[in-house]
Structure formats: structure tokens, C-alpha cells
Amino acid sequence: MGGRAGGGASGGMGSRSRGGLANRLLSGSGVTDAELKRSLSEAIAQFDKEFGLPENVTITMKDLGSQIGGSANGLNQVKINSGYQDGRFDKSDAKKTLLHEFTHVLDKTDTHHSANISGIKMKGATPVGQLKSEYKVFDKKLTAACKHFKANYGSTSTKQIGRYALKSKHEFFAEAVASHMTGTKNNYTTFAYNLAKSMSGK
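Residues numbered from 1 in each chain as written. Predicted model: local features only at pLDDT ≥ 70, side-chain atom pairs only at ≥ 80, totals over all residues. Heavy atoms only, no water.

Engineer: So what exactly am I meant to see when it comes to the pairing of strand β2 (residues 58–62) here?
Structural biologist: When a strand is regular, its side chains alternate between the sheet's two faces. Here β2 shows one buried face, formed by Ile 59 and Met 61, and one open face, formed by Thr 58, Thr 60 and Lys 62. Across 5 bridges, the pairing between β2 and strand β4 (residues 77–81) is parallel. If you follow Ile 59 over to β4, its bridge partner there is Val 78. (Buried < 20%, exposed > 50% of the residue type's maximum accessible area, 1.4 Å probe, protein only. Helix = DSSP H or I, 4+ residues; strand = E, 2+ residues; numbered from the N terminus. Pairing = 2+ DSSP bridges.)

Listed below in C-alpha cells is the structure:
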């Protein structure tokens, strides 16, 4: 399970209304706070515009304890901690959290999410060796970038992304893309953003 602590095929939307998409995704999510709804709507519209969201993606608000977001393996199901709504977490961080989780849905190198994104119909994780050849290329690039990030952690550009990115290459990818989309531009975030573009085909 992808998640953001304290943390699918990409389907382009064409001409569909992004405002309508946000309303649809949030209508049954449990989000009632107006400020939070605006923030999450912005994240939905931005990610859909730049990468595309799969038609079957869902968003649910749930008490996840200390984990502020999560995404179910291969099911395009994104969860946001209800703490954003009841005041336990800062609403201003909710947009970045949702962008982070959407990036996990997009991540075509994450074998734990590969049931819907690798084209291989199987439950659970898909061995890296069974990923499509183009995804193996993405995986190689991501692995090298994450290794460099970890080796250089402590520099200004790495601290701009945050320690949660050290957890795995997939968390590095999700944190870096979300950071780029919320205004942090450096070599790591730009690399991750461009890799996400390649994965999305947009």
C-alpha cells in the first residue's frame, strides 16, 4: 500500500469537465469542509490536466492514524486522512497529499500497484521482471535518481522534498512530483515530474 506518513493506467480526460470530475470524486468521499474541498478540487484538476486520471479512481476520507494518505495496491483507490477535516492536520497540506497519492496511482514502476498499470492481469505485486519493457526503463531511471537522492540527503534540494522520500524509490517519486506541482523546483523534482510525464504519455 502506498502511503504518506505524518504518505493504474493513466487515462486522459480529453474535454471532460475537470470541475465536474472533482465534484464526482468528492461527492461520495466524505469531504464536507468547504476549504478542504476547494484544496482537493484544485489537486484533482491540476493532476488531471497535467497527467490524466484513470476513469475508475476513487477518493475516500478515512481515519488513517498517523498516515495522512494512502493508495490501495492496483485498485486506483486513494484515501485521505479525516484528520484534515477534523483539525488534526493542517488543511494547507491536503493538496500536496492528494497529489502524492495520485502519483502512486500513476507510478508504472511500482510492482505493488501493477495489477492495473502493467497490463498483466494478476492479483498482488507483479515481479519487476514481468513489467513491460518501457516500465523497466522508467524503473532504472527512478532507481538511479533515488540512490543519488539518498546519497546526497542533507543538501538544500533534498531537504526541500523531505525525509519521507527516503523510505523508498516510490515514495521519493511521489514526494518529488507533489513537491514540483506545489512550487518546489530543483533537479530532483524536475526529474520526477518529467518521468511522470513520460509515464502518463501526455
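Engineer: Would you explain the packing of aromatic side chains in this entry?
Structural biologist: The description of an aromatic ring pair uses the distance of the two centres, along with the angle that the planes make with each other. Summed over the entire model, instances satisfying the criterion amount to 9 aromatic pairs. Ring plane angle 55 degrees and centroid distance 5.6 Å describe the contact between Tyr 84 and Phe 89, whose orientation is recorded as tilted. Comparing Tyr 84 with Phe 89, the two get one shared label, buried. Where Phe 149 meets Tyr 153, the ring centres are 5.7 Å apart and the plane angle is 65 degrees; that geometry is what we call edge-to-face. Residue classification places Phe 149 among the buried positions, given a relative accessible area of 0%. (Phe/Tyr/Trp six-rings, centres within 6.5 Å; stacked < 30°, edge-to-face > 60°.)

Function cannot be inferred from these measures alone, as they are strictly geometric.
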